[in-house]
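Architecture and fold: a report
Below, each chain spelled out in residue letters.
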Amino acid sequence: MKFSAMMKSVCLLSAVFFVSCATKPDSAQTEGTTEEKTEKPNPTNGGASWQPGDAMAPTSEPFATSAESVFENVHYASQSDAQQCDIYVPNGSGSFPVIALVHGGGFAFQNQKMPVVAPVAKYALSHGYAVVSIDYRKSSEATFPAALSDVKAAIRFIRAHAEEYKLDADKITVWGESAGAYLSVMTALTPSVAELDGDVTDNAGVSSAVNTVVDFYGPIEFFTMDAEFAALGKDGTTYSLENSFESKFLGQAIGSDKAAAYRTYWETYKDALPADFALKAWIQAGTGDFAVPCTQSANLADRLSALIGADNVHFSTIEGARHMDSAFYTDENIGAVFTFLDNANSL
């Protein structure tokens, strides 16, 4: 059975749970938890009147890890103060495989120290991986493709400065959650598309290719999100309207111009992939996610398996898990991801 058909069945079986969660007026999907909150609507619910609270407030402390060295606020490009990263290097002589970690936040909030992804960094450092946690320009500063151009530039920086930081330039994983998952997927699947480098010319000529990608509950195909939610039994979402995070990322209402909306979608650029393109992908979503329809992940897994082979795509769901759910960040789940990465990197 195709990934998408299987996943749609799972999502539809979960529809009663899904809709009951989505319609609770006092519940919110917040960072790393499924607990109920009051007076704070769902943080990425299709342009709802949510305002950033604790889950999206910028933080300033680096992740608590076993890193031997931490280099904070390193600028990987020169267009904006947002183009910075934190580099965590484990104990040992290197060179170390790299997790390029891309935070979420609706393309609008947070930074490279976002606490929800801290468990990934902690686990990585204790298992011999370096971590480069990446910030990027938000939609209030610059619209598409700026954030994507930034993540691509960060990958080029990693490769250009690999020896300096004891990094293995041939073993780079880009790992994102939510909006960061979208940026990770696009980075992985458009390594040769010059127009998506935007205005960022730093380390031009260095490859932004990666060999693995991890997608936690990312929005992928913005134009279909409302329709996918409707198919799952949740009506009234407004991703297509101008106030949604995705529309602000694009710079115009997603629903107003299909061609413009599909400039943000990876398959638009599929013909530009090199003949020898290779990738391994871990894609994971929650069946209780009412911020991003779980079928976005299913469709990506299905179409990506057709491109690179089903053996190179891991796809799974976490039953009942909501957006940014702590279930994604347990040692058991993160350990399973790293087993996949170890095999992908022949470690």
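Remember, predicted model here, so these are calculated numbers, not experimental data.

Let us look at the sheet that holds strand β6 (residues 212-216). Spatially, the eight strands line up as an open sheet ordered β1-β2-β4-β3-β5-β6-β7-β8, and their pairing is mixed. The strands lining the two open edges of the sheet, one partner per strand, are β1 (69-75) and β8 (313-318). Direction aside, the axes of adjacent strands within the sheet are offset by 15 degrees on average. In terms of strand pairing, strand β7 (residues 280-286) meets β8 through six bridges, oriented parallel. Bridging across to β8, Gly286 finds its partner in Ile318.

Attention now moves to the confidence of the model for the chain. In this model, the chain carries a mean pLDDT of 88, and residues with pLDDT of at least 70 account for 83%. Contacts for the low-pLDDT stretch residues 15-45, under 50 throughout, to residues beyond four places or in other chains number 78 contacts. Taken as a whole, residues 47-54 scores under 50 in pLDDT and shows 13 contacts with residues more than four places along the chain or in a different chain.

What follows covers the packing of helix α4 (residues 146-160) against helix α5 (residues 179-189). Two packed helices can be described by the angle between their axes and the distance between those axes. Between α4 and α5, whose axes approach to 9 Å, the crossing angle comes to 60 degrees. In terms of axis orientation, α4 runs oblique to α5. Handedness of the α4/α5 crossing: right-handed. Between α4 and α5, the residues in contact are Ala147, Leu148, Val151, Lys152 and Ile155 and Leu183, Met186 and Thr187, respectively. For the contact of α4 with α5, the per-class residue count stands at six nonpolar, one polar and one charged.

Scanning all chains against the criterion turns up 24 aromatic pairs. With a centroid separation of 6.0 Å and 85 degrees between ring planes, the pair formed by Phe222 and Phe249 is classed as edge-to-face. A residue pair is termed long-range when its members are at least 10 positions apart, and Phe222 in the loop between β6 and α6 (225-231) and Phe249 in helix α7 (residues 245-250) qualify at 27 residues. Neither residue differs from the other here; Phe222 and Phe249 are each classed as buried. Positioned above the aromatic ring of Tyr136 is the side chain of Lys138, whose terminal nitrogen or guanidinium carbon lies 5.1 Å from the ring centre.

Of all hydrophobic cores here, the largest spans 68 residues; its most connected members are Tyr76 and Leu183. The greatest single-element share of this core, amounting to eight residues, is contributed by α4. Leu183 has contacts with Val102, Phe107, Tyr136, Ala147, Leu148, Val151 and Phe249, leaving out every residue within four places of it along the chain. In this structure, Ala124, Tyr129, Tyr217 and Met324 belong to the second largest nonpolar core, which totals 30 residues.

What counts, and at which threshold
- Residues numbered from 1 in each chain as written.
- Predicted model: local features only at pLDDT ≥ 70, side-chain atom pairs only at ≥ 80, totals over all residues.
- Heavy atoms only, no water.
- Pairing = 2+ DSSP bridges.
- Helix = DSSP H or I, 4+ residues; strand = E, 2+ residues; numbered from the N terminus.
- Axes fitted to C-alpha atoms, helices over the stretch in contact; angles between N-to-C directions.
- pLDDT = per-residue confidence, 0-100.
- Contact = heavy atoms within 4.5 Å.
- Parallel < 35°, antiparallel > 145°, perpendicular 65-115°, else oblique.
- Left-handed = near helix turned anticlockwise from the far one by under 90°.
- Nonpolar A, V, L, I, M, F, W, Y, C, P; charged D, E, K, R; others polar.
- Phe/Tyr/Trp six-rings, centres within 6.5 Å; stacked < 30°, edge-to-face > 60°.
- Buried < 20%, exposed > 50% of the residue type's maximum accessible area, 1.4 Å probe, protein only.
- Lys NZ or Arg CZ within 6 Å of the ring centre and 35° of its normal.
- Core = buried A, V, L, I, M, F, W, Y, C linked by side-chain atoms within 4.5 Å.

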